[in-house]
Amino acid sequence: MSQQRLRIALQKSGKLSDGSIELLNKCSFKIRPAKNHYLIKSNELDTDFLMVRDDDIPGFIDSQVADVGIMGENLFIEYNLTHSDNKLEIISKLEFATCRLSLAVKSNSNIMNIDDLNGKKIATSYPATLANYLLENKIKAEIVVMHGSVELAPKIGIADAICDLVSTGTTLKENDLVEMQVLLFSEAILVGRKDMPQFIRTKVKELVFRFQSVINVRNSKYIMLHIDKNELPKLEKLLPGYEAPTILELQGHPGKVAVHVVSEEKYLWDTVNKLKEIGATSILVMNIEKMIA
Ligand code: AMP
């Protein structure tokens, strides 16, 4: 198809939409979704965003309505199981909307393990993935397809178990359900056709480069602190991810230096007191928007 604009399908509303828009806006796309806007145009990379239902995204890419799309990996797996021609490929993992597809039962259920599911009914929005799992585990159960509110199925008596996405586990808890078995882990991914034209692939490569520069530092902070020069070896042990720090002499304070370093946020609070113990002062912690390799 000869058109020059890049068409990206995004979930209009739901678990992936905020994360997708946040990631794209950090890559300068300036997307401002509005209620009835299904097409958003951006001058960045000459891009059109199609704001659609998430389960329409793989089909739109397959039929060339969109060039690429952001979707849950779980949806990609479900789509591939029902489309044997396998025309789609994962271009990049995007490290947000992480969740798992799990089997869950009522907390007082006598279903204790997956073998107990034989002869039972399981409600899900992912019938192909569930059918595949049951086949692999030689379990004969009836699949009840639902397109939402799957967690209500045991309560209203239409299924004995559910197979649904779990993120924090709150929805299961609120519905008196317990997770029994994880089928797969999922996160947001960028998907395209394996046979995308070269000019699209070039633009997608640039898109992925921008995504990576944001993803690389999503969990990192830029730390600046003052410390005695002699304590620098200890600092290295306290700040994992501490790589190629900038060390500057402090004027008027011989033997003291300013250190600028990128470090992973998850280690920060654990180590801040230890940093103080080795005499670090003026500790500044800053967000990093992008790191371009
Ligand atoms: P939670 O209560 O946080 O475990 O979220 C569970 C609810 O959110 C269920 O209704 C899931 O179907 C839905 N959900 C959780 N994570 C995702 C995701 N990454 N993509 C789509 N739906 C999700």
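Reference entry: report on the structure contained in this document.

What counts, and at which threshold
- Residues numbered from 1 in each chain as written.
- Predicted model: local features only at pLDDT ≥ 70, side-chain atom pairs only at ≥ 80, totals over all residues.
- Heavy atoms only, no water.
- Pairing = 2+ DSSP bridges.
- Helix = DSSP H or I, 4+ residues; strand = E, 2+ residues; numbered from the N terminus.
- Axes fitted to C-alpha atoms, helices over the stretch in contact; angles between N-to-C directions.
- Contact = heavy atoms within 4.5 Å.
- Buried < 20%, exposed > 50% of the residue type's maximum accessible area, 1.4 Å probe, protein only.
- Expected span 1.5 Å × (residues − 1).
- Arc of directions from axis to C-beta.
- Core = buried A, V, L, I, M, F, W, Y, C linked by side-chain atoms within 4.5 Å.
- Parallel < 35°, antiparallel > 145°, perpendicular 65-115°, else oblique.
- Nonpolar A, V, L, I, M, F, W, Y, C, P; charged D, E, K, R; others polar.
- Salt bridge = Lys/Arg side-chain N within 4 Å of Asp/Glu carboxyl O.

**Comments concerning the sheet that holds strand β8 (residues 142-145)**
- One open sheet accounts for five strands, arranged β8-β7-β9-β6-β10; its pairing is mixed. On the outer flanks of this sheet lie β8 and β10 (177-186), each paired with one strand and no other. The mean angle between the axes of side-by-side strands here comes to 25°, regardless of whether they run parallel or antiparallel.
- In the packing of helix α3 (residues 73-82) onto the sheet, contacts are made with β9 (161-166) and β10, and the angle to β10 comes to roughly 75°.

**Considerations on the environment of Asn36**
- Within the element layout of this structure, Asn36 appears in the loop between α1 (17-26) and β2 (39-42).
- Residue classification places Asn36 among the exposed residues on the basis of a relative accessible area of 58%.
- Taking the C-alpha atoms as reference, Asn36 lies 22 Å from Asp67; in sequence the two are 31 residues apart.

**Here we look at the environment of Ala153**
- Turning to its location among the elements, Ala153 is positioned in the loop between β8 and β9.
- C-alpha of Ala153 to C-alpha of Glu44: the two residues are 109 residues apart in sequence and 45 Å apart in space.
- With near-sequence residues (within four places) excluded, Ala153 lies in contact with Ala123, Met146, Ile158, Ala159 and Ile162.

**Regarding helix α6 (residues 198-215)**
- Helix length check: α6 (18 residues) gives 25 Å between terminal C-alpha atoms against 26 Å at 1.5 Å per residue, within 8%.
- For α6, the complete set of buried residues consists of Ile200, Lys203, Val204, Leu207, Val208, Arg210, Phe211, Ser213, Val214 and Ile215.
- If you follow the buried residues of α6, they end up packed against β1 (6-11), α1, β4 (68-72), β5 (88-93) and β11 (188-193).

**Topic: helix α8 (residues 268-277)**
- Leu268, Thr271, Val272 and Leu275 are the residues of α8 that are buried. On an axial view of α8, the arc spanned by its buried residues comes to 125°, and they lie on one face. Exposed side of α8, more than 90 degrees from the buried face: Trp269, Asp270 and Glu277 are the residues found there.
- The inward-facing, buried residues of α8 abut β12 (220-228), α7 (232-238), β14 (256-264) and β15 (281-287).
- Two residues or fewer past α8, Gly279 is found with a positive phi of approximately 95°.

**Details of the nonpolar core**
- Counting 28 residues, the largest nonpolar core has Leu24, Phe49, Ile70, Leu94, Leu190 and Phe211 as its most contacted members.
- If you list the elements that add at least two residues to this core, you get β1, α1, β3 (47-52), β4, β11 and α6.
- Ranked by the residues each element gives to this core, the list is headed by α6, at seven residues.
- Residues within four places of Leu190 in sequence aside, it is in contact with Val68, Gly69, Ile70, Glu89, Ile90, Ile91, Ser92, Leu94, Val204, Leu207, Val208 and Phe211.
- Within the second largest apolar cluster, 17 residues are counted, among which are Leu101, Leu134, Met180 and Leu184.

**Section: unusual backbone geometry**
- Positive phi, close to 75°, is recorded for Ser28, a residue that is not glycine.
- Along the polypeptide, Ser28 turns up in the loop between α1 and β2.

**Notes on the sheet that holds β3**
- Ordered by their spatial adjacency, six strands build an open sheet running β2-β3-β1-β4-β11-β5, and the pairing between neighbours is mixed. Because the sheet does not close on itself, it has two edges, and the strands there are β2 and β5. Recorded for the sheet is a direction-independent mean angle of 30° between the axes of neighbouring strands.
- In this structure, β4 lies alongside β11, joined through five bridges in antiparallel fashion. Paired with Met71 across the two strands is Ile189, which belongs to β11.
- Across the sheet, α3 is in contact with β4, β5 and β11; its angle to β4 comes to roughly 105°.
- Taken strand by strand, α6 contacts β1, β4, β5 and β11, and its axis lies near 30° from that of β5.

**A few points about the packing of α3 against helix α4 (residues 127-136)**
- Where α3 meets α4, the axes come as close as 8 Å, and the angle between the chain directions of the two elements is 75°. Put simply, α3 runs roughly perpendicular to α4. Residues Ile77, Glu78, Leu81 and Thr82 of α3 pack against Pro127, Ala128, Thr129 and Asn132 of α4.
- Per-class residue counts for the contact of α3 with α4 are four nonpolar, three polar and one charged.

**Some points on the pattern of salt bridges**
- Overall, the coordinates contain 17 salt bridges when judged by the stated rule.
- Of the charged contacts, one joins Arg210 and Glu44 as a salt bridge, the two residues approaching to 2.7 Å between their closest N and O atoms. Within this pair, whereas Arg210 is found in helix α6, its partner Glu44 is found in the loop between β2 and β3, the two being separated by 166 residues in sequence.
- Judged by relative accessible area, Arg210 falls into the buried class, the value being 18%.
- Asp62 is paired through a salt bridge with Lys87; the nearest N and O atoms lie 3.0 Å apart. Taken together, the residues span a long stretch of sequence, with Asp62 in helix α2 (residues 57-62) and Lys87 in the loop between α3 and β5 at a distance of 25 residues.

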